Amino acid sequence: MKPFKNPILVTRPYLPPLEDYQKGLEEIWNNQWLTNNGPVLKKFHGQLAGYFGVPETNLSLFNNGTLALEILFQAMGLAGGEVVTTPFTFVATSHALKRIGAEPVFADIDPETLCLDPAAAEKMITPRTKAIVPVHVYGHPCDVNAFDELGRKYGLKIIYDAAHAFGVKINGKSIAEYGDASMFSFHSTKLFHSIEGGLLVFKDRALQQKVDQLKNFAILSETECVDVGTNAKMNEMQALMGVLNLNVIDDLISHRKVIYEAYRDGFSGIRDIEFLHCLDNSCGYSVSHNYAYCPVLFKDLDTRERVYRRLKDYNVFSRRYFYPLLTDFDPYRENQSQTPIATDIANRVLTLPTYHGLDETATSGIIQIVQELLQGYES
Ligand code: T4K
């Protein structure tokens with residue numbers, strides 16, 4: 001097989017028809033209103049409330065997911081305390097904690113879901129713990145009932161980093177209905193995006209006033225500033241992209257499901273490659289998945305590295321999300337703890353290309369490249 005002519009990246013953003021975006025831009029031009037709670041943002045806000053089935057008082061939009069997390073953590077008073085979280089995630093989860101003065105404490109992950117393990121998290125709780133921040137890694141839900149139970153038992157906030165989990169439902173309910181609050185990232189590399197962007201959905205409607213203040217410098221009027229806020233507002237061009245993409249979210253998810261099934265079926269006869277079982281609903285919850293990522297596990301690090309490199313030779317750029325573990329990065333080395341499952345998974349995982357427009361020629365080519373390498377490797 002010859003290398004692909006054009007590079008196949010791990011993801012590509014879905015883009016709506018250019019004329020639709022241009023039409024929306026004309027309205028923005030006419031309004032001469034570009035940011036600071038403009039009309040397109042208000043429309044997007046209302047549509048998202050409908051999509052999540054929550055009142056408009058229980059969500060807030062941001063210019064990116066990282067600042068949404070930071071502001072949420074600040075508003076929930078986590079500064080000065082410990083927060084139990086996972087090392088198997090993108091750095092933003094812990095950066096947001098550290099940057100507001102909370103100390104991340106790392107616990108191991110569940111080998112089936114690859115999300116924070118509630119039993120391991122419980123062992124790390126101390127009198128200084130203020131919250132638990134699990135991540136719905138790749139959009140696969142955490143054990144939400146167990147975390148609710150921990151929250152009640154220890155009086156802790158449960159705050160989900162749901163950056164990957166837009167559109168996911170658990171037992172027929174939106175994933176945002178679990179825990180005290182959830183953050184969804186709308187970055188361009190996400191299943192659903194607004195160029196850059198982030199959304200908070202929360203239970204306590206009093207939080208809206210706080211986070212809305214903090215994302216606008218905490219100024220209340222021309223003469224009042226009540227806290228140390230920042231600038232984290234979503235602008236009108238971002239909101240427009242979000243409005244247009246929300247129209248097609250069901251199609252985006254269906255398309256990724258086809259890609260996931262093509263990989264799963266294509267790899268089914270190959271030894272040394274494993275799909276995550278919970279995507280086939282065997283993790284105790286009835287889940288409506290979003291197929292945001294396509295992670296596979298290899299038997300060991302060496303095999304994963306060989307596949308990663310071989311794909312590159314063929315112009316296919318898979319990614320090792322999330323390797324190395326967050327606790328192997330400089331800012332977190334001192335926070336390291338025993339997380340052997342997370343270490344093992346980080347060494348063996350590879351996320352394969354998946355995005356709207358990735359066709360059958362690409363998926364079957366990728367399967368063939370891996371198949372040839374692993375079969376040759378085995379013999
Ligand atoms: N929590 C979690 C669990 C997260 O995963 C993230 C973000 C956050 C919090 C923070 O949310 P945000 O503040 O980002 O809203 C990417 C994303 O930048 C990041 O948003 C994401 N997680 C992370 C998992 O992936 P990189 O450094 O891998 O991105 P990059 O530039 O290498 O792009 C990935 C691929 O996408 C490349 O092959 C190129 C392609 N691409 C990218 C962009 C931006 C395109 O084809 N077009 C594009 O416009 O971090």
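To be clear, the structure that these remarks concern was listed above.
Being a predicted model, the structure only gives us computed values, none of them experimental.

Participant: Lay out the overall build of the protein with the relevant residues and their values.
Facilitator: If you tally the helices and strands in the protein, you get 12 helices and 17 strands. Scaling as 2.2 N^0.38, a compact globule of 379 residues should have a C-alpha radius of gyration of about 21 Å, and the protein matches this with 21 Å. Considered along the principal axes of its C-alpha atoms, the protein spans approximately 75 × 55 × 40 Å. Every one of the 379 residues in the protein was classed for burial, and the buried ones make up 54%. Sequence-distant contacts in the protein: of pairs separated by 6 or more residues, those separated by 24 or more amount to 71%. If you sum the accessible surface of the protein, you get close to 16600 Å²; carbon and sulfur atoms cover 49% of it. Charged side chains in the protein number 36 positive and 45 negative. The centres of these two groups are separated by 2 Å.

Participant: Describe the pattern of salt bridges, naming the residues involved and giving the relevant values.
Facilitator: Following the criterion strictly, the structure yields 12 salt bridges and no others. For K98, the salt bridge is made with E103, and the minimal N-O distance between the two is 3.3 Å. Here K98 falls in the partly exposed class, since its relative accessible area comes to 30%. Taken together, the salt bridges that share partners define one network made up of R304, E305 and R320.

Participant: Can you tell me about the site of the ligand, naming the residues and giving the values?
Facilitator: T66, D161, H164, S185 and Y321 are the nearest of the 26 residues found near the ligand. In this structure, G65 approaches the ligand through a main-chain N or O atom, which is 2.9 Å from an oxygen atom. For the ligand, an oxygen atom lies 2.5 Å from a polar atom in the side chain of T66. Mapped onto the shell around the ligand, the elements with two or more residues apiece are α3 (65–75), α4 (92–99) and β9 (181–185).

Participant: Requested: an account of the sheet that holds strand β6 (residues 157–161), with residues and values cited.
Facilitator: The 7 strands lie next to each other as β2-β10-β9-β6-β5-β3-β4, forming an open sheet whose pairing is mixed. Looking along the sheet, the strands with just one partner apiece sit at the ends: β2 (59–62) and β4 (103–106). Across the sheet, the axes of successive neighbouring strands diverge by a mean angle of 25 degrees, strand direction being ignored. Where strand β3 (residues 82–85) meets β4, 4 bridges bridge the pair, whose relative direction is parallel. Pairing of T85 across the sheet is with F106, part of β4.

Participant: I'd love a proper account of the sheet that holds strand β13 (residues 273–275), names of residues and values included.
Facilitator: Strand pairing in a sheet relies on backbone hydrogen bonds, with the paired strands running either antiparallel or parallel. Across the sheet, 3 strands lie side by side as β13-β15-β17; this open sheet has antiparallel pairing. With partners counted over all chains shown, the strands left at the sheet margins are β13 and β17 (349–352), one partner each. Each strand axis lies, on average, 35 degrees off the axis of its neighbour in the sheet, ignoring direction. Summarising the sheet, β13 and strand β15 (residues 294–298) pair through 3 bridges and their orientation is antiparallel. Residue pairing across strands places F275 opposite V296, the latter belonging to β15. Sitting on the sheet, helix α11 (residues 340–348) touches β13, β15 and β17, and the angle it makes with β17 is about 45 degrees.

Participant: An account of the packing of aromatic side chains is needed here, citing residue identities and associated values.
Facilitator: A complete count under the given rule lists 22 aromatic pairs for this structure. Centre to centre, the rings of Y51 and F166 are 5.0 Å apart; their planes meet at 5 degrees, and the pair counts as stacked. One end of the pair, Y51, is in helix α2 (residues 39–52); the other, F166, is in the loop between β6 and β7 (169–170), with 115 residues separating them in the sequence. Using a relative accessible area of 3% as the deciding quantity, one classes F166 as buried. Aromatic side chains F88 and F322 sit 5.8 Å apart centroid to centroid with 85 degrees between the ring planes, which places their arrangement in the edge-to-face category. Placement of the pair is F88 in the loop between β3 and α4 and F322 in the loop between β16 (316–317) and α11, with a sequence separation of 234 residues. Residue F88 is classed as buried on the basis of its relative accessible area, which comes to 0%. Taken together, the ring pairs in this structure connect F44, Y51, F52, F166, F184, F186 and F192 into an aromatic cluster. A cation over a ring is seen here: K215 above F62, with NZ or CZ 4.9 Å from the ring centre.

Basis of the calculations
Residues numbered from 1 in each chain as written. Predicted model: local features only at pLDDT ≥ 70, side-chain atom pairs only at ≥ 80, totals over all residues. Heavy atoms only, no water. Helix = DSSP H or I, 4+ residues; strand = E, 2+ residues; numbered from the N terminus. Rg over C-alpha atoms; globule rule 2.2 N^0.38 Å. Buried < 20%, exposed > 50% of the residue type's maximum accessible area, 1.4 Å probe, protein only. Contact = heavy atoms within 4.5 Å. Areas by Shrake-Rupley, 256 points an atom, 1.4 Å probe, with all protein chains shown as cover. Lys, Arg positive; Asp, Glu negative; His and termini not counted. Charge placed at Lys NZ, Arg CZ, Asp CG, Glu CD. Salt bridge = Lys/Arg side-chain N within 4 Å of Asp/Glu carboxyl O. Near = heavy atom within 4 Å. Polar contact = N/O pair within 3.5 Å; in protein donor to acceptor, adjacent residues only side chain to side chain. Pairing = 2+ DSSP bridges. Axes fitted to C-alpha atoms, helices over the stretch in contact; angles between N-to-C directions. Phe/Tyr/Trp six-rings, centres within 6.5 Å; stacked < 30°, edge-to-face > 60°. Lys NZ or Arg CZ within 6 Å of the ring centre and 35° of its normal.

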